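Survey of secondary and tertiary structure
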Amino acid sequence: MISKLYTLPNCHTCQDVGEYLQERGIQYEEVNLSKQQGLDELRSLRKSYQGNIERDGRGIILPILVQGNNGGIEKLVQGEEIISLFKLNPG
């Protein structure tokens, strides 16, 4: 299963989640949304994902963790819910 973590450099929750995943040996590819390539990938994700990508008053809730196989999305989790997911389902 491939995991991607969509982040921004100055996002404290993004940093916390990245550290949390690294400490537990959970492998992921980080997608930096401050770069054009990252923004393009997020646009593509938003078009292909059938569920709702949550927003708050400031925009899309970050980070976004996407897990999938063969180009399909099996799970999309946002913000601090990512840590809750791994606490309930340890790797």
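We now turn to the structure provided with this report.

Definitions and limits used
Residues numbered from 1 in each chain as written. Predicted model: local features only at pLDDT ≥ 70, side-chain atom pairs only at ≥ 80, totals over all residues. Heavy atoms only, no water. Disulfide = S-S within 2.5 Å. Buried < 20%, exposed > 50% of the residue type's maximum accessible area, 1.4 Å probe, protein only. Helix = DSSP H or I, 4+ residues; strand = E, 2+ residues; numbered from the N terminus. Expected span 1.5 Å × (residues − 1). Arc of directions from axis to C-beta. Contact = heavy atoms within 4.5 Å. Pairing = 2+ DSSP bridges. Axes fitted to C-alpha atoms, helices over the stretch in contact; angles between N-to-C directions. Polar contact = N/O pair within 3.5 Å; in protein donor to acceptor, adjacent residues only side chain to side chain.

**Section: the state of the cysteines**
Following the criterion strictly, the structure yields one disulfide and no others. Through a disulfide, Cys11 is tied to Cys14; the S-S separation comes to 2.4 Å. Between Cys11 and Cys14, the S-S dihedral sits near 80°, and the bridge is therefore right-handed. Cys14 shares its class with Cys11; the two are buried.

**Looking at helix 2 (residues 36-48)**
With 13 residues, helix 2 extends 19 Å between its outermost C-alpha atoms, agreeing within 8% with the 18 Å of an ideal straight helix rising 1.5 Å per residue. Along helix 2, the positions that sit buried rather than exposed are Gly38, Leu42 and Leu45. For helix 2, the angular spread of buried residues about the axis comes to 60°, placing them on one side. With respect to the buried face of helix 2, the exposed residues turned more than 90 degrees away are Gln37 and Lys47. Tucked inside the fold, the buried residues of helix 2 contact strand 1 (2-7), strand 2 (29-32), strand 4 (59-60), strand 5 (64-69) and strand 6 (72-78).

**Considering unusual backbone geometry**
Cis geometry is adopted by the peptide bond preceding Pro63, which originates at Leu62 and carries an omega value of -5°. Relative to the helices and strands, Pro63 resides in the loop between strand 4 and strand 5.

**Brief notes about the pairing of strand 5**
Here strand 5 lies mainly inside the structure; five of its six residues are buried. Bridging between strand 5 and strand 6 involves six bridges; their strand directions are antiparallel. From the neighbouring strand, Gln67 faces strand 6, where its bridge partner is Lys75.

**Overview of the sheet that holds strand 6**
Here we have four strands laid out as an open sheet, ordered 2-1-5-6, and mixed in their pairing. Each edge of the open sheet is held by one strand with a lone partner, namely strand 2 and strand 6. Within the sheet, the average angular offset between the axes of one strand and its neighbour, ignoring direction, is 25°. When strand 1 meets strand 2, the two strands line up parallel, connected through four bridges.

**Considering the side chain of Ser3**
The topology assignment puts Ser3 in strand 1. By relative accessible area, which is 10% here, Ser3 ends up buried. In this structure the side chain of Ser3 is engaged in a polar contact, spanning 3.4 Å, whose partner is the side chain of Gln67. Contact partners of Ser3, with chain neighbours within four places excluded, come to Gln27, Tyr28, Glu29, Leu65, Val66 and Gln67.

**Considerations on the side chain of Gln78**
In this structure, Gln78 sits in strand 6. The buried category is assigned to Gln78, whose relative accessible area is 7%. Only 2.7 Å separates the side chain of Gln78 from the backbone nitrogen of Glu54, close enough to count as a polar contact. In this structure Gln78 touches Asn52, Ile53, Glu54, Ile60, Ile61, Pro63 and Ile64, once residues within four positions along its chain are discounted.

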